[in-house]
Amino acid sequence: MCGIIGYIGKRNAIPVLIHGLKRLEYRGYDSAGISFLKDSKIGVRRCSGKIKDLETLIKKEKLKSTIGIGHTRWATHGRPSEENAHPHRADGIVVVHNGIIENYFELREGLKKRGHVFTSETDTEVICHLILRYSKSGYSLEDATREALKHLEGAYAIGVMNEAEPDKILAVKKDSPLVVGIGDGEFFIASDIPAFLKYTRDAMILENGEMAIITRNGVTVHDVRKNETVNKKAIQITWSPAMAEKGGFRHFMLKEIFEQPRAISDTIRGRFSLEKGEVNLKEFSLTESQLKKFNKVFLVACGTSWHAALVGKYMIEDMVRIPCEVDIASEFRYRKPIIPEHCLMIVITQSGETADTLAAQREARRLGARVMTICNVVGSTSAREADGIFYTHSGPEIGVASTKAFTTQLTALYLFSIALAKAKGTRNLKERQGLLNELLQLPEKVEKALYCHDAVKRMAKKYYDVRDFLYLGRGINYPIALEGALKLKEISYIHAEGYPAGEMKHGPIALIDNNMPVLALAPDDTVLEKILSNMEEVKSRGGKLIAVTVEGNTKVNSRTPDIIFMPGTNYYLTPIIFSIPLHLLAYHMAVLRKCNVDQPRNLAKSVTVE
Ligand code: M6R
């Protein structure tokens, strides 16, 4: 996830680009850059760091231009650095890109053989070189870009300029957002509307396969696949600038919850072959024979990431049949852990900067474990210090409460378990294909799961003024009960506990009376009957029950009228689907209690101290 901006018109483009990038900074903030046309030459200015660093860099130059493109980066390929920052350039062609080019490696090798020289580690640079290759054969910018696109696999929203065609910007979209702003004699391109909302409310939302050719005289849109002109109408944006920054959502947390289908798609894209039933191991820096040798796995993390680790234990032990130990990072580092030979430590961290997690990671390496990190921030300390990395591509998570980072961590663990199961021979080809096929359907199922929004809002209204809340789960969904409780505590300040439902009778059931709401996770699995009995126990003591179950399961109907139905999936992926109503419930209860959802009291997004 990155932010792109472009401007052509009568104003000085430089402050317009900088303003747009600031509005897009929530999409990525590890490096930034702009390119512009001055004295008929393309200029590029880039730096690692935030937009304010870019501003400082260009301040003294007093640059002026009436056309330019800019980018704020969230690294996916190549660490955050000046060389990897966009715009990328090949001779007179400059490109800004948001998305992932899956086949960039093969393309780059092919272009190198033809004499193209690459200066970055990014996937984006192949786009400039491909366009350059066709422009050198006499194609116009739009034709050269159209030819270049035929080689690309993956997702992209790109902005392109060519020194030889000084009054033109191209914008193309496939699976990454891109909008065109229409002003009075001036035009914009951007990943998101807030980038130009200060200047115009008229916008064209590009669809997949559409290319906007923008000159000083206007915008023409082509469907590059059908090779025909599209008669596209501008729409009027009615959002306020503050709403627009959050994509029309009231809070980043809600936006991030609704981004999950996209975040999961990005995390799985290009990572496996369904036909071979195989997960791509390149990034883990592990060969299959190394994987085969592991006979013990440690999973270490903090907070919500620790809940992902707990789910990971169920996935790995069930699929691979090797023992796993799960630790809270701050406990691991002080408990003198015993690390046997052939031991893998999986560290899970959204930020890659959590102090306790880093300390545990270092301790495990010192004791001889091989460390793999599941991390969302490219180039973070955890990623730099690990032996292998699995990046989740959920994009920047701004809300302090972790949501999309959590479900993409679970997605990563699922893929890793399948890789391990293949290496260990515990799942045959057909079984692995079945597991991967279910994963392919996951983004759509998450989309469907989000339909529960209205039902959850009604339940939030019913319960938002309670003092305590209990969450019950069993097996692989017990960590989801913990996650539901943590989210509620964290953002609504209601006291909440998550319990394995079978433990109720050993103490917590004493808390049940008619003031105590109890949310039970009741998937249609081998422990359904058990959880139904636990629900009866709550009901008979006057507790107020909410059930989360799967569509078609009528067995919960007699226990409570408050039921949230979720789409069915396999055992291992249920935690992803079931966490959605729990995150939404915490969100709406917090909103009704007028809490600061995105920045709850006493908390920070990255806990970089012990
Ligand atoms: O960046 P990390 O994943 O290492 O962060 C770990 C926890 O601090 C984090 O998950 C925290 O518990 C969240 N605020 C929960 O929503």
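Residues numbered from 1 in each chain as written. Predicted model: local features only at pLDDT ≥ 70, side-chain atom pairs only at ≥ 80, totals over all residues. Heavy atoms only, no water.

Asks: Run through empty space enclosed by the protein, naming residues and quoting values.
Replies: This model, assessed by the stated rule, comprises two cavities of 30 Å³ or more. Here the largest cavity defines a volume of roughly 50 Å³. The wall of the largest cavity is formed by Cys2, Arg73, Trp74, Thr76, His77, His86, His97, Gly99, Asp123 and Thr124. For the lining of the largest cavity, the per-class residue count stands at two nonpolar, six polar and two charged. Of the pockets and cavities examined, the second largest cavity occupies roughly 40 Å³. Arg474, Asn477, Leu521, Pro523, Asp525, Val527, Leu528 and Ile531 together form the lining of the second largest cavity. (1 Å grid on protein atoms, 1.4 Å probe; cavity = no way out; pocket = protein on both sides within 12 Å on 5 of 7 lines; lining within 4 Å. Points joined across faces, edges and corners; volume = space filled by probe spheres on them. Nonpolar A, V, L, I, M, F, W, Y, C, P; charged D, E, K, R; others polar.)

Asks: Describe the domain arrangement of the protein, naming the residues involved and giving the relevant values.
Replies: When the parts of a complex come together, some accessible area is lost, and that lost area is often taken as the interface size. Its domain assignment divides the protein into domain 1 (3-244), domain 2 (252-427) and domain 3 (451-592). Facing 26 residues of domain 2, the contacting portion of domain 3 comprises 23 residues. For the pair domain 2 and domain 3, the summed buried area comes to about 2000 Å², and 77% of that belongs to carbon and sulfur atoms. Taken together, domain 2 and domain 3 are joined by zero salt bridges. The set of elements that each furnish at least two residues to the side of domain 2 that touches domain 3 consists of helix 7 (252-258), helix 8 (260-268), helix 10 (303-320) and helix 14 (404-424). Element by element, the count of residues in the side of domain 2 that touches domain 3 is highest for helix 10, at 10 residues. For the side of domain 2 that touches domain 3, a count of residues per class yields 16 nonpolar, eight polar and two charged. (Domains from an automatic or database assignment. Contact = heavy atoms within 4.5 Å. Buried area = accessible area lost by both parts, 1.4 Å probe. Salt bridge = Lys/Arg side-chain N within 4 Å of Asp/Glu carboxyl O. Helix = DSSP H or I, 4+ residues; strand = E, 2+ residues; numbered from the N terminus.)

Asks: Account for unusual backbone geometry, with residues named and values stated.
Replies: Omega for the peptide link from histidine 86 to proline 87 comes to 0°, which places this bond in the cis form. Inspection of the secondary structure puts proline 87 in the loop between strand 4 (67-73) and strand 5 (88-90).

Asks: Can you break down the pairing of strand 26 (residues 544-550) residue by residue, with the values?
Replies: Taken across its seven residues, strand 26 has six buried, putting it largely inside the fold. Where strand 25 (residues 517-522) lies against strand 26, six bridges are found, and the strand directions are parallel. Paired with proline 517 across the two strands is lysine 544, which belongs to strand 26. The β-α-β motif built from strand 25, the intervening helix 18 (residues 528-539) and the parallel element strand 26 has right-handed crossover chirality. Where strand 26 meets strand 27 (residues 563-566), four bridges bridge the pair, whose relative direction is parallel. Within the sheet, the bridge partner assigned to alanine 547 lies in strand 27 and is isoleucine 563. (Buried < 20%, exposed > 50% of the residue type's maximum accessible area, 1.4 Å probe, protein only. Pairing = 2+ DSSP bridges. Right-handed = clockwise from strand over helix to strand, strands pointing away.)

Asks: Could you give an account of the side chain of serine 35, with specific residues and numbers?
Replies: Here serine 35 lies in strand 2 (residues 31-38). According to the relative accessible area criterion, serine 35 is buried, its value standing at 0%. Aside from chain neighbours lying at most four places away, what touches serine 35 is Leu17, Ile42, Gly43, Val44, Ile67, Gly68, Ile69, Pro87, Val94 and Met161.

Asks: Tell me about the packing of aromatic side chains, and name the residues and values.
Replies: Taken as a whole and assessed by the stated rule, the structure comprises 11 aromatic pairs. Between phenylalanine 188 and tyrosine 199, the ring centres sit 5.3 Å apart and the planes meet at 15°, which makes this aromatic pair stacked. Placement of phenylalanine 188 in strand 10 (residues 187-190) and of tyrosine 199 in the loop between strand 10 and strand 11 (202-205) is noted, with a sequence separation of 11 residues between them. For the pair formed by phenylalanine 188 and tyrosine 199, the shared burial category is buried. Here the aromatic rings of tyrosine 571 and tyrosine 572 are separated by 5.3 Å at their centres, their planes lie at 75°, and the arrangement is edge-to-face. Of the residues examined, tyrosine 572 reaches a relative accessible area of 7% and is grouped as buried. Among the aromatic residues, those joined into a ring-pair cluster are Tyr7, Phe188, Phe196 and Tyr199. Over the aromatic face of tyrosine 493 sits the side chain of arginine 601, whose NZ or CZ is 3.8 Å from the ring centroid. (Phe/Tyr/Trp six-rings, centres within 6.5 Å; stacked < 30°, edge-to-face > 60°. Lys NZ or Arg CZ within 6 Å of the ring centre and 35° of its normal.)

Asks: Help me get a handle on the nonpolar core, residues and values and all.
Replies: Counting residues in each nonpolar core, the largest one holds 89 residues, and the members touching the most others are Ile346, Phe469 and Tyr471. When residues of this core are assigned to domains, at least three fall in each of domain 2 (252-427) and domain 3 (451-592). Tyrosine 471 has contacts with Ala481, Gly484, Ala485, Leu488, Ala496, Glu497, Gly498, Tyr499, Leu519, Leu582 and Leu585, leaving out every residue within four places of it along the chain. Formed by 28 residues, the second largest nonpolar core is a distinct cluster that contains Tyr104, Leu111, Phe118 and Leu141. (Core = buried A, V, L, I, M, F, W, Y, C linked by side-chain atoms within 4.5 Å.)

Asks: Can you tell me about helix 4 (residues 125-136), naming the residues and giving the values?
Replies: With 12 residues, helix 4 extends 17 Å from end C-alpha to end C-alpha; this agrees with the ideal 16 Å at 1.5 Å per step. Counting buried residues along helix 4, 10 of its 12 residues qualify, which places the element largely inside the surrounding structure. Structurally, helix 4 contributes buried residues whose contacts are with strand 5, strand 6 (93-101), helix 3 (104-113), helix 5 (141-149) and strand 7 (154-162). Directly beyond the C-terminal end of helix 4, a positive phi value near 95° is found at glycine 138. (Expected span 1.5 Å × (residues − 1).)

Asks: Now, about the site of the ligand: what can you tell me, with residues and values included?
Replies: Taken together, 13 residues form the shell around the ligand, and within it Ser305, Gln350, Ser351, Thr354 and Glu490 come nearest. Take serine 402: an N or O atom from its main chain is 2.8 Å from an oxygen atom of the ligand. Between the ligand and glutamate 490 there is a distance of 2.4 Å, counted from a nitrogen atom to a side-chain nitrogen or oxygen. Coverage of the ligand by the protein chains reaches 91% of its 420 Å² of free accessible surface. (Near = heavy atom within 4 Å. Polar contact = N/O pair within 3.5 Å; in protein donor to acceptor, adjacent residues only side chain to side chain. Areas by Shrake-Rupley, 256 points an atom, 1.4 Å probe, with all protein chains shown as cover.)

Asks: Residues and numbers for the packing of helix 10 against helix 17 (residues 478-492), please.
Replies: Across the interface, helix 10 lies against helix 17 with an axial gap of 9 Å and an inter-helix angle of 170°. Of the possible angle classes, the one that applies to helix 10 and helix 17 is roughly antiparallel. Within the contact between the two elements, helix 10 uses Gly303, Thr304, Trp306, His307, Leu310, Val311 and Tyr314 and helix 17 uses Tyr478, Pro479, Ile480, Leu482, Glu483, Leu486 and Lys487. (Axes fitted to C-alpha atoms, helices over the stretch in contact; angles between N-to-C directions. Parallel < 35°, antiparallel > 145°, perpendicular 65-115°, else oblique.)

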